[in-house]
Amino acid sequence: MVVALPGRPQLRVVRTQHVGQSVVRCSAQRKHQVTARAVEAPVRGQEVEEPTDQAAANAVRTNLDVKDPAAFTKDIIEREKKYVLQTYVRPDIVFTHAEGVRMWDAHGKEYLDFAAGIAVNSVGHSHPRWLAAVNEQAAVLTHTSNLFHTEAGVNLAEKLVNNCSFADKAFFTNSGTEANEAAIKFARKYARVKAGIDPYDASATAPSEIVCFSASFHGRTMGALALTYKEQYKTPFAPVMPGAKLATYQDLDSAAKVIKKGETCAVFVEPLQGEGGINTAHSEFLQGLRDLCDEAGALLVYDEVQCGLGRTGKLWAWEHFGVQPDMMTLAKPLAGGLPIGAVMVTQAIAEVMNVGDHGSTFAGNPLVCHAAEAVVDIITEEGFLEDVTRKGEKLRAGLEKALGSNPHVKQVRGLGLIVGVQLDVGASELCSKARDAGLIVITAGKGDVVRLVPPLVVSDEDIDKCCQILGNVAKEVLV
């Protein structure tokens, strides 16, 4: 792709056919190197030819010529401990590159990735169309702030609204927790306007309580944290945002006790809980919440940060149940690994938000939004979601066959390609041993659920291999 900018030398983005470097070359002979692969970035709208020989493509990616893998790994881990705040528990592995559903560490060891960056890499690592979109946009415009108009954010908002039956507007953020924070603000502003008070009068009051549910996870910033179930996430930072009311997931009687007219402004619920243990709502529960919200004059907000955008075999998880929300939050898979979040809202909610009521410096920047356009285009292609449903059924059936006879395995559950294996013991050792065997899976729930959220482009062969590895590891660990 050749880019000509006024007063600037021509730039050409060149992308190699193997693990290597894309080089932006200019007439001044300056070279800026960035990690990339596949084909030359196309002109906007041009089709990208995807690799046909994946085995050959993978073969050249198994070694990035780390001269001393052990020393390299040791150095990275030591410097991480020295310079990075220690809020994560990481294994002694340094990943260097990935492609599709596979990752490789510094030693060249290959891993089958059934975690997808916690349900983020929905179209796999470095999907050719995603990578072409990133290279294309990075070469022309990456960031302007929200003080100016740009094309990519408008294009993405249009795609999301046109594919979301209840929504009229989108608001962009940088993450899932930011999306939920925005939805909290929108709900409280909406309640103040509907109460007929001046929303900017600090002495005026309106419904402000927000109902959330057991096993919920909505984020780690102070508002979203208040709606998150696990007390250990909240206690060290108390007091969190006031006004959160907890009910029991799937229990309408419990919800009815805390959803109150004149007090409740919104109800936040995940149609399928990911972090909470792969717990799927039922239609009666969501319809009951819809009815309770309507009676109380409260907004129904779906958190689809993990379960949305094709993960369950429907574009939106709530479509399985046919109960529309007033707002929906998105994030993880939307930009294929780049940071983004979004809130989808009705026109009624949009109308109460004024200029300056909320904002973000980075949100909706052209680079991230153009990448997200590519992700949405891939996932909404004809037949894609049906294939997710089919592969999800295959994965659950394979897990049942591989693990079902083990007395410690109590249930295999989920929708589409978000699957949980419920154990009656902790799942950490099983996940660790699976990683040693070349399979990345993670925990959920109370640490007793194995969570599988592979890229939605996972192959049948990869599903078979995953089930085989877990079956073999379970025979060793779950005894």
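Predicted, not measured: the structure shown is a model, and the values here were computed from it.

Q: What is the right way to look at helix H12 (residues 366-379) in this model?
A: In an α-helix there are 3.6 residues to a turn, and that puts residues three or four apart on one side. Taking 1.5 Å of rise per residue, 14 residues should cover 20 Å, and H12 covers 20 Å from first to last C-alpha, within 8% of that figure. The element H12 is extensively covered by neighbouring structure, given that 13 of its 14 residues are classed as buried.

Q: Looking at this model, I keep getting lost on the layout of surface pockets. Mind explaining?
A: Using a probe with the size of a water molecule, rolled over the atoms, empty space left in the structure can be pinpointed. Its volume calculated, the second largest pocket comes out at about 940 Å³. Lining the second largest pocket are 36 residues, with Asn 146, Ala 170, Phe 171, Phe 172 and His 358 sitting closest to its centre. Only helix H5 (151-162), strand S8 (169-173) and helix H11 (347-350) provide two or more residues apiece to the lining of the second largest pocket. For the lining of the second largest pocket, the element with the highest residue contribution is H5, accounting for 5 residues. Among the residues forming the lining of the second largest pocket, the class breakdown is 17 nonpolar, 15 polar and 4 charged.

Q: Could you clarify how one ought to interpret the sheet that holds strand S21 (residues 449-452) in this entry?
A: Two orientations exist for strands paired in a sheet by backbone hydrogen bonds: parallel and antiparallel. The antiparallel open sheet is built from 4 strands, whose spatial order is S17-S18-S21-S20. Since the sheet does not close on itself, it has two edges, and those belong to strand S17 (409-415) and strand S20 (442-444), each with one partner. Neighbour-to-neighbour, the strand axes of this sheet turn through a mean angle of 30°, independent of strand direction. Alignment of strand S18 (residues 418-423) against S21, held across 4 bridges, turns out to be antiparallel. Bridging across to S21, Gln 422 finds its partner in Val 449. Running at roughly 175° to S17, helix H13 (residues 384-403) makes contact with S17, S18 and S21 of the sheet.

Q: Mind showing me how you'd approach helix H6 (residues 176-194) here?
A: For H6, built from 19 residues, the straight-helix expectation of 27 Å at 1.5 Å per residue is met to within 8% by its first-to-last C-alpha distance of 27 Å. Measuring from the side-chain oxygen of the N-cap residue of H6 to the backbone nitrogen of Glu 178 gives 3.2 Å; that N-cap residue is Ser 175. In the segment just after H6, Gly 196 is the residue with positive phi, at about 80°.

Q: What am I meant to see in empty space enclosed by the protein here?
A: Applying the stated rule across the entire model yields 1 cavity of 30 Å³ or more. Lining the largest cavity, in full, are Glu 304, Val 305, Gly 308, Leu 309, Trp 316, Leu 330, Ala 331, Lys 332, Pro 333 and Leu 334. Tallied by class, the residues present in the lining of the largest cavity amount to 7 nonpolar, 1 polar and 2 charged.

Q: Help me understand the packing of aromatic side chains in this model?
A: What describes a pair of aromatic rings is the distance from one ring centre to the other and the angle between the planes of the rings. Considering all chains together, one arrives at 7 aromatic pairs under this definition. A ring pair is formed by Phe 95 and Tyr 111, whose centres lie 5.1 Å apart and whose planes are at 80°; its orientation type is edge-to-face. Here Tyr 111 lies in strand S7 (residues 110-113) and Phe 95 lies in strand S5 (residues 95-99), a separation of 16 residues in the sequence. Exposure remark for Tyr 111: the relative accessible area of 3% places this residue in the buried category. Residues Phe 213 and Phe 285 carry aromatic rings whose centres are separated by 5.4 Å and whose planes lie at 80° to one another, so their mutual orientation is edge-to-face. Taken together, the positions of Phe 213 in strand S9 (residues 209-213) and Phe 285 in helix H10 (residues 283-296) put the pair 72 residues apart, joining distant regions of the chain. Pair check on accessibility: Phe 213 and Phe 285 agree, each one buried. Among the aromatic residues, ring-to-ring pairing joins Phe 213, Tyr 249 and Phe 285 into one connected group. The side chain of Arg 220 reaches across the aromatic face of Tyr 233, ending 4.2 Å from its centre.

Q: Explain the sheet that holds strand S15 (residues 327-330) to me, please; I cannot follow it from the model alone.
A: Sheet architecture is open: 7 strands sit in the order S8-S16-S15-S14-S11-S9-S10, paired in mixed fashion. Each end of this open sheet is capped by a strand with a single partner; those strands are S8 and strand S10 (244-247). Sheet twist, expressed as the mean angle between neighbouring strand axes with direction ignored, is 20°. In terms of strand pairing, S9 meets S10 through 4 bridges, oriented parallel. Across the sheet, Val 211 pairs through a bridge with Lys 245, a residue of S10.

Q: How should the packing of helix H14 (residues 428-436) against helix H15 (residues 460-477) be read in this particular structure?
A: For any two helices packed against each other, one specifies the crossing angle of their axes together with the interaxial distance. Close contact between H14 and H15 brings their axes to 9 Å; oriented N to C, the two are set at 125°. Judged by the inter-axis angle, H14 sits oblique to H15. Every pair of crossing elements has a handedness; the one defined by H14 and H15 is right-handed. For the pair H14 and H15, the contacting residues are Glu 429, Leu 430, Lys 433 and Ala 434 in the first and Ile 469, Leu 470, Val 473, Ala 474, Glu 476 and Val 477 in the second. Considered class by class, the residues forming the contact of H14 with H15 number 7 nonpolar, no polar and 3 charged.

Q: I'm lost on the nonpolar core in this one. Help?
A: Inside soluble globular proteins, nonpolar side chains tend to come together where they are buried. Counting residues in hydrophobic clusters, the biggest one holds 89 residues, and the most contacted among them are Phe 114, Phe 213, Leu 289, Leu 395, Leu 399 and Leu 452. Per-element tally for this core: the top contributor is H12, with 9 residues.

Q: For this particular structure, what's the right way to read the environment of Thr 173?
A: Along the chain, Thr 173 falls in strand S8. We classify Thr 173 as buried; its relative accessible area is 2%. Each C-alpha atom of the pair Thr 173 and Thr 361 lies 9.2 Å from the other, and the pair is 188 residues apart in sequence. Setting aside chain neighbours within four positions, we find Thr 173 in contact with Glu 178, Ala 179, Ala 182, Ile 340, Gly 341, Ala 342 and Ala 363. Looking at Thr 173, its side chain comes within polar contact range of the main-chain nitrogen of Ala 179, at 3.4 Å.

Q: What is the right way to read the confidence of the model for the protein chain from this model?
A: The predicted coordinates should not be examined in detail at positions where pLDDT is low. Averaged over every residue, the pLDDT of the protein chain is 90; the share at 70 or more is 87%. Confidence over residues 1-43 falls short of pLDDT 50; this stretch has 101 contacts with residues more than four positions distant or in other chains. Low pLDDT, under 50, characterises residues 50-62; the predicted model gives this stretch 19 contacts beyond four residues in sequence or across chains.

Q: Explanation requested: the environment of Gly 447 in the structure shown.
A: You can see Gly 447 is positioned in the loop between S20 and S21. Look at Gly 447 and you get partly exposed, because its relative accessible area is 23%. Between the C-alpha atoms of Gly 447 and Val 425, which are 22 residues apart in sequence, the distance is 8.4 Å. When near neighbours in sequence (up to four residues on either side) are disregarded, Gly 447 contacts Gly 426, Ala 427 and Ser 428.

How each quantity is defined
- Residues numbered from 1 in each chain as written.
- Predicted model: local features only at pLDDT ≥ 70, side-chain atom pairs only at ≥ 80, totals over all residues.
- Heavy atoms only, no water.
- Helix = DSSP H or I, 4+ residues; strand = E, 2+ residues; numbered from the N terminus.
- Expected span 1.5 Å × (residues − 1).
- Buried < 20%, exposed > 50% of the residue type's maximum accessible area, 1.4 Å probe, protein only.
- 1 Å grid on protein atoms, 1.4 Å probe; cavity = no way out; pocket = protein on both sides within 12 Å on 5 of 7 lines; lining within 4 Å.
- Points joined across faces, edges and corners; volume = space filled by probe spheres on them.
- Nonpolar A, V, L, I, M, F, W, Y, C, P; charged D, E, K, R; others polar.
- Pairing = 2+ DSSP bridges.
- Axes fitted to C-alpha atoms, helices over the stretch in contact; angles between N-to-C directions.
- Contact = heavy atoms within 4.5 Å.
- Polar contact = N/O pair within 3.5 Å; in protein donor to acceptor, adjacent residues only side chain to side chain.
- Phe/Tyr/Trp six-rings, centres within 6.5 Å; stacked < 30°, edge-to-face > 60°.
- Lys NZ or Arg CZ within 6 Å of the ring centre and 35° of its normal.
- Parallel < 35°, antiparallel > 145°, perpendicular 65-115°, else oblique.
- Left-handed = near helix turned anticlockwise from the far one by under 90°.
- Core = buried A, V, L, I, M, F, W, Y, C linked by side-chain atoms within 4.5 Å.
- pLDDT = per-residue confidence, 0-100.

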